[in-house]
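# Fold and geometry: a report
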Amino acid sequence: MSKPDTVRFRHNQAILVAAVIAFIGALPLASARSYLLPVLLVPLAVAVWAWRAGTDADAEGLRLRALAGQRRITWDQVIELVPGERGRAVARLDDGQQVTLPAVRGVDLPRLVSATGQALPHTTAETPGQ
């Protein structure tokens, strides 16, 4: 049996484009006075967050990535995956924590579960055309 690939969930790349445009737009302001240079850090931080943040899922577990840092959660720690508020996916852990999965929507849960290499319990094998 081959190991399933890692399924990656990332935020929309339009955020990255908007951050680049904001950086370019802030250049004249930041170059006008030296004390305004930190203004460039805001679009830069948004760009790095948009490029890096998200959720990776594979047969071993979940890897949640943020702007600075990451967290690994194994599948045996996850009690259930449920759609949360505002359409986001939430993992309920065995220690009582609820973790919102970055860049994963509730409708993405079947794709997330497929990363485990197991089928969803309620799905049946159907052939096309039936």
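Thresholds, definitions, all that
- Residues numbered from 1 in each chain as written.
- Predicted model: local features only at pLDDT ≥ 70, side-chain atom pairs only at ≥ 80, totals over all residues.
- Heavy atoms only, no water.
- Pairing = 2+ DSSP bridges.
- Helix = DSSP H or I, 4+ residues; strand = E, 2+ residues; numbered from the N terminus.
- Axes fitted to C-alpha atoms, helices over the stretch in contact; angles between N-to-C directions.

Relative to strand 4 (residues 70-74), strand 3 (residues 61-65) runs antiparallel, the two being bridged by five bridges. Each bridged residue has a counterpart across the sheet, and for Arg65 the counterpart in strand 4 is Gln70. Taking the residues that link successive antiparallel strands as the turn, the strand 3-strand 4 hairpin has four residues, and the phi of Gly69 there is positive, at about 110°.

The subject of this paragraph is the sheet that holds strand 7 (residues 98-105). Read across the open sheet, the three strands follow the order 5-6-7; overall the sheet is antiparallel. Here the strands that pair on one side only, and so sit at the sheet edges, are strand 5 (78-83) and strand 7. Sheet twist, expressed as the mean angle between neighbouring strand axes with direction ignored, is 25°. Where strand 6 (residues 88-93) meets strand 7, four bridges bridge the pair, whose relative direction is antiparallel. Along strand 7, the bridge assignment pairs Ala91 with Val99.

Right, let's talk about unusual backbone geometry for a bit. Although it is not a glycine, Arg86 adopts a positive phi angle of roughly 60°. Tracing the chain through its elements places Arg86 in the loop between strand 5 and strand 6. Unlike most non-glycine residues, Ala103 shows phi in positive territory, near 70°. Along the chain, Ala103 falls in strand 7.

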